[in-house]
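Reading the structure
The primary structure of each chain is shown beneath.
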2 protein chains.
Amino acid sequence: MDAIADHSIVIASDHAGFELKEMLKQELEALGFAVNDLGTHGGESVDYPDYADALARAVAAGEAGRGVLLCGTGIGASIAANRHAGVRAALCHDAESASVCRRHNDANVLVLGGRVTAPEIARECLRIFLDTPFEGGRHARRVAKLA
Amino acid sequence: MDAIADHSIVIASDHAGFELKEMLKQELEALGFAVNDLGTHGGESVDYPDYADALARAVAAGEAGRGVLLCGTGIGASIAANRHAGVRAALCHDAESASVCRRHNDANVLVLGGRVTAPEIARECLRIFLDTPFEGGRHARRVAKLA
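I will try to describe carefully the structure that is included in this document. (Residues numbered from 1 in each chain as written. Chains lettered and ligands numbered in written order. Predicted model: local features only at pLDDT ≥ 70, side-chain atom pairs only at ≥ 80, totals over all residues. Heavy atoms only, no water.)

Here's the deal with the relation of the copies chain B and chain A
Note on the copies: chain B fits chain A at an RMSD of 0.0 Å, the axial shift is 0.0 Å, and the rotation between them is 180 degrees. Both chain copies can therefore be described as sitting about a two-fold axis. Minimal C-alpha separation from the rotation axis in chain B is found for Arg83(B), amounting to 2.4 Å. A symmetric contact is evident, with 97% of the interface residues of chain B recurring at the interface of chain A. (Least-squares fit on C-alpha atoms with pLDDT ≥ 70 in both. Contact = heavy atoms within 4.5 Å.)

Below, the structure is given as structure tokens:
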């Protein structure tokens, strides 16, 4: 993944992830990323697969280097996003999972749960997700099997 | 999902989930489930997608009512399993996520991380995953979009 693509990020959530999405969007913009916000844009109830599919299509098409995706627990969003070839969506809850998903799984979508992960932990996951390189080696063989 | 299918469970892990798999397999057998163990059968390093794909194929084919899948963090296993249509694999870390993934996502595969989730919490997630019904309603519309 080249450096330019890495600086373009797509973000999406359902209503349950909306507040955390707004906070992480501000964080990304403060870090200098160009953020494409696919919604949702308010607290009205929507269907998480619609937003997860839109984000996954954007990442799979190379329109963004990385994606950040949220729903209430992150579980529904993960299921939907990982239906798409080329998308490796990692549901993270802490710094360790955010690090391992990059080092071992070459994750290109960070998934967080707006109802389960506190804002400061979410920010920490985001920074680690953006900064941690893939280790390759035996992990590359495994990632190739996720195609 | 009918009651007979629910009493047939398939389980699989890579080396990092092996010990937790053995423990959960004993728990399932003690609860009266027929457990089909797809491996791995020891601590030797293997590739998590091989085991996740085998389990997902079994669940998608209706060979088991539910699946239990493990790797180190659960992230790689979730990505691989959710590549398969009809599989809704939920990475859980606590009682709440194990409950919500059934109530809202109708998850048919419980994913746990052998290196991140303690045995007693894993057992609690398993019991909740097995006992909690899907709520339907607006959640059924969303689950239909995961097809």
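Considerations on the interface of chain B and chain A
Taken together, the contact pairs 37 residues of chain B with 36 residues of chain A. Buried area between chain B and chain A, summed over both chains or domains, comes out near 2800 Å², and the portion from carbon and sulfur atoms is 53%. Between chain B and chain A we count 8 salt bridges in total. Arg142(A) is paired through a salt bridge with Asp47(B); the nearest N and O atoms lie 2.9 Å apart. Our count for the chain B to chain A interface comes out at 23 residue pairs in polar contact (both at pLDDT 80 or more). Taken together, the elements giving at least two residues each to the side of chain B that touches chain A come down to α3 (48-60), α4 (75-81), β4 (89-91), α5 (95-103) and α7 (138-144) of chain B. Looking at the side of chain B that touches chain A element by element, the count peaks at 5 residues for α4(B). Classifying every residue of the side of chain B that touches chain A by side-chain character gives 17 nonpolar, 12 polar and 8 charged. (Buried area = accessible area lost by both parts, 1.4 Å probe. Salt bridge = Lys/Arg side-chain N within 4 Å of Asp/Glu carboxyl O. Polar contact = N/O pair within 3.5 Å; in protein donor to acceptor, adjacent residues only side chain to side chain. Helix = DSSP H or I, 4+ residues; strand = E, 2+ residues; numbered from the N terminus. Nonpolar A, V, L, I, M, F, W, Y, C, P; charged D, E, K, R; others polar.)

Points about unusual backbone geometry
Residues and elements named next belong to chain A. Residue Thr40 is reached from Gly39 by a cis peptide bond, and omega for that bond is 0 degrees. Along the chain, Thr40 turns up in the loop between β2 (34-37) and α3 (48-60). A positive phi angle is found at Asp106, which is not glycine, with a value near 50 degrees. As for its placement among the helices and strands, Asp106 is situated in the loop between α5 (95-103) and β5 (109-113).

Concerning the environment of Ala147(B)
Residues and elements named next belong to chain B. Tracing the chain through its elements places Ala147 in the segment after α7. Ala147 gets classed as exposed once you look at its relative accessible area, which sits at 78%. Residues Ala147 and Leu112, 35 residues apart in the sequence, show an inter-C-alpha distance of 23 Å. (Buried < 20%, exposed > 50% of the residue type's maximum accessible area, 1.4 Å probe, protein only.)

Overview of the side chain of His84(A)
For His84(A), the position within the fold is in the loop between α4 (75-81) and β4 (89-91). Of the residues examined, His84(A) reaches a relative accessible area of 17% and is grouped as buried. A distance of 2.9 Å separates the side chain of His84(A) from the side chain of Asp53(A), its partner in a polar contact. When neighbours within four sequence positions are excluded, His84(A) is seen to be in contact with Asp53(A), Ala56(A), Arg57(A) and Arg83(B).

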